[in-house]
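# Chain and residue survey
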Number of protein chains: 2
Amino acid sequence: MEDEIKIIELKQNVFKENEVNADIIRKECKDAKQLMINVMSSPGSGKTTTLVRTIKDLEGFASVGVMECDIDADVDAYTIREAGARSIQLHTGGMCHMDAGMTKQGMLEMGTDGLDLIFIENVGNLVCPAEFDTGASVNLTILSVPEGDDKPAKYPLVYEVSDIVLVNKIDAMSVFDFDKDLCVSRIKELNPNAKIFFVSSKTGEGFEEWISYLKSILEDYKTQD
Amino acid sequence: MEDEIKIIELKQNVFKENEVNADIIRKECKDAKQLMINVMSSPGSGKTTTLVRTIKDLEGFASVGVMECDIDADVDAYTIREAGARSIQLHTGGMCHMDAGMTKQGMLEMGTDGLDLIFIENVGNLVCPAEFDTGASVNLTILSVPEGDDKPAKYPLVYEVSDIVLVNKIDAMSVFDFDKDLCVSRIKELNPNAKIFFVSSKTGEGFEEWISYLKSILEDYKTQD
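None of these values were measured; they are calculated from a predicted model. (Residues numbered from 1 in each chain as written. Chains lettered and ligands numbered in written order. Predicted model: local features only at pLDDT ≥ 70, side-chain atom pairs only at ≥ 80, totals over all residues. Heavy atoms only, no water.)

Residues and elements named next belong to chain B. The buried fraction of strand β5 (residues 117–121) is high, at 5 of 5 residues. By the alternation rule, side chains of β5 split into Leu117, Phe119 and Glu121 and Ile118 and Ile120, which are all buried. In this structure, strand β2 (residues 35–41) lies alongside β5, joined through 5 bridges in parallel fashion. Considered in β5, the bridge of Leu35 is made with Leu117. Relative to β5, strand β3 (residues 64–70) is paired through 5 bridges, and the arrangement is parallel. Each residue of the ladder has a partner; that of Val66, found in β5, is Phe119. (Buried < 20%, exposed > 50% of the residue type's maximum accessible area, 1.4 Å probe, protein only. Helix = DSSP H or I, 4+ residues; strand = E, 2+ residues; numbered from the N terminus. Pairing = 2+ DSSP bridges.)

In structure tokens, the structure reads:
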């Protein structure tokens, strides 16, 4: 009988430790009644523009903080602050995702006192951020129309772990061959419970429904035991 | 004057520590006269098939070991062993790249005694593996014709850090709109010193040149001080 190939499981401890740290963050956020939402997408899908409009639409309803995570840029953090949110820029230094330890460091450095809602704008990448639990209570993925309706089929994990999907840039729908129904069925196949909203962060189309839903989960989160 | 946004540099220590560990591995390999080549590519570009043909073509010239790195599969390690190389399967457990610590663990578990050449078949991903120094002395990227001649423009870093690029599946050139010259100029723009070979791991076309070059760098490596 042929010998079996030796299989070595690397880094299992890294993932286990990350899960423990993520659970601690979720517990702390729950106690402080601060909802944390982890925003994932490809580069260029409109994460920052979507957050800017969301922050403005929540004015007077919720105090928002944003941790902008990027390999090395810092323009987005200024844009976010101009929209009225507290913000901090986290440089991952080449790391392709946020983990729970990085989230905790960002929360401590930004300061979370008085915030109702904290967004993590994760590194622009559909693979690695989906693998690592950040400690956020809600995962949100933005898919933009020009990327194509087949993205859920190509990057299943990020859709499997996402509670909310915003399909952005619907104002460009007419110039792209984007099948809304097919996109929805592909997402629902991976994750039947995903809430899907079609929006344009540029024109504001679809934001009423998205903001209304966001307000409802914020209120539910605040009043839960 | 508006306050500056706070910028936090995360994980700098992780990258610094990795570089130190990578340098130690390179020194150890040099002392042992064992050349280590880190093989990167997208999934499906033909890493394993290319390694199988390369191992067979080196029979009698060099003793080869391969560390197969994958999220959770183990089929490739058996294929590699059948081709005549020592092999081990490393499961990264969701980690999207190999780092120097993982390489070292793999080397210890596989055993490197008597080997002349060690390949790391890195995780199939063009982004993250390029960010982390594995400790290999040579980086090699495989680009397959069906992926398109624009990959170097889309994933510049992996080409910047690669000493060798194998353009694979050239037997399929006639059915794809792949511009060889454009591809070469895109790679050379990012990395003027990259050695580029056009091969087909299926038919063996172009392997004579690639294997001859590989033998020459193996001999140079063995005879260097």
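This paragraph deals with the relation of the copies chain A and chain B. Copies of the same chain, two in number, are related to each other by a rotation about an axis and a translation along it. The transform that puts chain A on chain B rotates by 180 degrees and translates by 0.0 Å along the axis, for an RMSD of 0.1 Å. Seen this way, the second copy is the image of the first under a two-fold rotation axis. Comparing interface residues between copies, 100% of those in chain A also sit at the interface in chain B, which points to an isologous, same-surface contact. (Least-squares fit on C-alpha atoms with pLDDT ≥ 70 in both. Contact = heavy atoms within 4.5 Å.)

Turning our eyes to something else, we now look at the sheet that holds strand β6 (residues 138–144) of chain B. Here 8 strands make up an open sheet; going across it, the order is β1(A)-β4(B)-β3(B)-β5(B)-β2(B)-β6(B)-β7(B)-β8(B) and the pairing parallel. Among the strands making up the open sheet, the edge pair consists of β1 (7–9) of chain A together with β8 (195–198) of chain B. Across this sheet, the average inter-strand angle for adjacent strands is 20 degrees, counted without regard to direction. Here 5 bridges tie β2 of chain B to β6 of chain B, and the two strands are oriented parallel to one another. Along β6 of chain B, the bridge assignment pairs Met40 of chain B with Thr141 of chain B. (Axes fitted to C-alpha atoms, helices over the stretch in contact; angles between N-to-C directions.)

Residues and elements named next belong to chain A. Axis separation between helix α2 (residues 47–57) and helix α3 (residues 75–82) bottoms out at 9 Å; the angle between their running directions is 15 degrees. As summarised for this structure, α2 and α3 are arranged roughly parallel, according to the angle between their axes. Once α2 is placed against α3, the crossing between them reads as right-handed. Side by side, α2 and α3 meet where Thr48, Leu51, Val52 and Ile55 of the first sit next to Asp76, Thr79 and Ile80 of the second. (Parallel < 35°, antiparallel > 145°, perpendicular 65-115°, else oblique. Left-handed = near helix turned anticlockwise from the far one by under 90°.)

Attention shifts here to the environment of Cys29 of chain B. Residue and element names in this part refer to chain B. By the secondary structure assignment, Cys29 is in helix α1 (residues 12–32). Under the relative-accessibility criterion, Cys29 is labelled buried at 1%. Linking Cys29 and Thr141, residues 112 residues apart in sequence, is a C-alpha distance of 21 Å. Excluding its chain neighbours within four sequence positions, the residues that come into contact with Cys29 are Gln34, Met36, Met107 and Tyr221.

Turning to the interface of chain A and chain B, a few remarks are in order. Counting residues at the interface gives 35 residues for chain A and 35 residues for chain B. When the two sides are added together, the surface that chain A and chain B hide from each other amounts to roughly 3400 Å², 60% of it contributed by carbon and sulfur. Taken as a group, Ile5, Ile8 and Leu10 of chain A account for 21% of the area that chain A buries against chain B, more than any other trio of residues on that side. Summed over the shared surface of chain A and chain B, the number is 2 salt bridges. Lys6 of chain A serves as the salt-bridge partner of Glu109 of chain B, at 3.3 Å between the closest nitrogen and oxygen. Linking chain A with chain B are 16 residue pairs in polar contact (both at pLDDT 80 or more), by the criterion used here. The set of elements that each furnish at least two residues to the side of chain A that touches chain B consists of β1, α1 (12–32), α3, β4 (86–91), α4 (100–110) and α5 (128–131) of chain A. Among the elements that make up the side of chain A that touches chain B, the one with the highest residue count is β4 of chain A (5 residues). Residue composition of the side of chain A that touches chain B, by class: 16 nonpolar, 8 polar and 11 charged. (Buried area = accessible area lost by both parts, 1.4 Å probe. Salt bridge = Lys/Arg side-chain N within 4 Å of Asp/Glu carboxyl O. Polar contact = N/O pair within 3.5 Å; in protein donor to acceptor, adjacent residues only side chain to side chain. Nonpolar A, V, L, I, M, F, W, Y, C, P; charged D, E, K, R; others polar.)

Functional significance is not addressed by these values, which are geometric in nature.
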